[in-house]
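Understanding the architecture of this molecule
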Amino acid sequence: MSNPSLLILPGDGIGPEVMAEVRKIIDWFGAKRGIAFDVSEDLVGGCAYDKHGTPLHDDTMAKAQEVDAVLLGAVGGPKYDVLDFSVKPERGLLRLRKEMDLYANLRPAQCFDALADFSSLKKDVVAGLDIMIVRELTSGIYFGEPRGIIEEGNERVGINTQRYTESEIDRVARSAFELAMKRGKKLCSMEKANVMESGILWREVVTEVGKEYPEVELSHMYADAGAMQLCRAPKQFDVIVTDNLFGDLLSDAAAMLTGSLGMLPSASLGKPMANGRPKALYEPVHGSAPDIAGQGKANPCACILSFAMALRYSFDLGAEADRLEAAVEKVLADGVRTADLLNEEGRTPASTTEMGDAVVAALDASL
Ligand code: NAI
Ligand code: MG
């Protein structure tokens, strides 16, 4: 069997800086754990525009469709603000998501104990928190028709439509159940079945799919109650599955339970491929951070943790993902901090490279 394949797209700004640290970790797994990946690297975003006149070349798109997983840094920057909408760096990322048909967006909220003070909530509410929000990404109210602003009588009316087909709910529910099987076997589905028909259908279809996963404990919650519970006692959850709109809000809120943007990974998954693995794109939640780009200040952990998600969800290497997450946890516990993780005056922050090297050293220590 050939090695699992990984396409790396560092992108713009701090993207290449944080990706260089992930490269060290990929090399470590090859050298020390005998886990080799076929890694190829290509351009996306502004750097692709500079070379090809398009933020995503067709060849790169074709490659992304073939590999087991894509790992992306970040795209964009002020230099590209003048570009026409059709060739803006973000269009490269949107094209990837659309053509790979990535309908399940995974946003973990994981609180490393050493950073619990960064949370806006009490330390004991968030310490040890490890939950996953699965947001439906390609349908719902952001895409439904009819939409627009129309004239009605003597005023204007703004219209958006929440629309979900059974098959759209079914496939994202399956992604969520599959995840729950790899995690704590607990899934909470959130909608507003009390006031929305699309919510009633959502609840019915999720319940139906759940019959195929008898090991997973399924519960349902109205999304507004879910928002309250996320703030009150987030550790009651393991995996949460919800629609595009509620997921947008709930995943951003949950992310902030855990502190810095520099720590937040994400994944977007699509249909299972012939080998049973889902189409997958992994990327940090943050952008290209032009304010700190090129200065060695970026925190590489969000990108490193995105690679950990790839290990777990694309390559069935859950134990190695645990190892990598534990290495990040150890580095933080040892007090290594990039600038975004420092709130005391007078301490010299670790650079991007120092943070990456510390994670590699912690991996060595785990053997
Ligand atoms: P941003 O996430 O790039 O930066 C927001 C703030 O967080 C900045 O102060 C930045 O320095 C800080 N930050 C972000 N990542 C960090 C890290 N790893 N370590 C330390 N500090 C970090 O969002 P912003 O400023 O709104 O957008 C900047 C550019 O990035 C724009 O061109 C935007 O379009 C693009 N962008 C790209 C995304 C992507 O590639 N997925 C997502 C969001 C924005
Ligand atoms: Mg959002």
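Predicted model, so just to flag it, every value in this text is computed and none were measured. All chains use their own residue numbering, which begins from 1 and follows the written sequence. Starting at A for chains and at 1 for ligands, labels are handed out in the order in which the entities are written. In keeping with the model being predicted, local features are shown solely for residues with a pLDDT of at least 70 and side-chain atom pairs are shown and tallied solely at 80 or more, while totals for entire chains, interfaces and linings include all residues.

A closer look at the nonpolar core
What tends to happen in soluble globular proteins is that the nonpolar side chains get buried as a cluster. Grouped together as the largest cluster of nonpolar side chains are 105 residues, with contacts concentrated most on Val 70, Leu 71, Val 134, Ala 176, Ile 240, Ile 304 and Phe 307. By definition, any uninterrupted DSSP run of H or I lasting at least four residues is a helix, any uninterrupted run of E lasting at least two residues is a strand, and each is numbered from the N terminus. When residues of this core are assigned to their parent elements, the largest contribution, 11 residues, is made by helix 10 (residues 301-313). A domain split of this core shows at least three residues from each of domain 1 (1-108 + 260-367) and domain 2 (120-258). C-beta atoms are placed from the backbone for every residue, and two residues are taken to be in contact when these atoms lie within 7 Å. Apart from residues lying up to four places away in sequence, Val 134 is in contact with Ala 104, Leu 106, Val 172, Ser 175, Ala 176, Leu 179, Val 239, Ile 240 and Val 241. Any set of buried Ala, Val, Leu, Ile, Met, Phe, Trp, Tyr and Cys residues joined through C-beta atoms within 7 Å is what this text calls a nonpolar core. Partly exposed residues are those falling between the two cut-offs: more than 12 but fewer than 20 other C-beta atoms within 10 Å of their own, whereas 20 or more means buried and 12 or fewer means exposed, with C-beta atoms placed from the backbone. Domain start and stop positions are those given by an automatic or database domain assignment.

Considerations on the domain arrangement of the protein chain
Entries for the protein chain in the domain assignment read domain 1 (1-108 + 260-367) and domain 2 (120-258). Relative to domain 2, the C-alpha centre of domain 1 lies at a distance of 25 Å. Domain 1 puts 16 residues into the contact, and the matching count from domain 2 is 16 residues. Element by element, the count of residues in the side of domain 1 that touches domain 2 is highest for strand 4 (residues 104-110), at five residues. The classification used treats Ala, Val, Leu, Ile, Met, Phe, Trp, Tyr, Cys and Pro as nonpolar, Asp, Glu, Lys and Arg as charged, and all other residues, Gly among them, as polar. Its residues assigned to classes, the side of domain 1 that touches domain 2 comprises 10 nonpolar, three polar and three charged.

Details of helix 6 (residues 166-182)
At 3.6 residues per turn, the α-helix brings residues three or four places apart onto the same side. Compared with an ideal rise of 1.5 Å per residue, which puts 17 residues at 24 Å, helix 6 spans 25 Å between its outermost C-alpha atoms and is within 8% of the ideal. Glu 168, Ile 169, Arg 171, Val 172, Ala 173, Ser 175, Ala 176, Phe 177, Leu 179 and Ala 180 are the residues of helix 6 that are buried. Here the expected length of a helix is defined as 1.5 Å per residue gap, with one fewer gap than residues.

What to know about the UniProt feature "domain: Isopropylmalate dehydrogenase-like" (unreviewed entry) in the protein chain
According to UniProt, the feature "domain: Isopropylmalate dehydrogenase-like" (unreviewed entry) maps to residues 5-359 in the numbering used here. The straight-line gap between the two end C-alpha atoms of residues 5-359 is 23 Å; of that span, 39% is helix and 22% is strand. UniProt positions are given in the numbering used here, feature names are shortened, and annotations may be inferred rather than shown by experiment.

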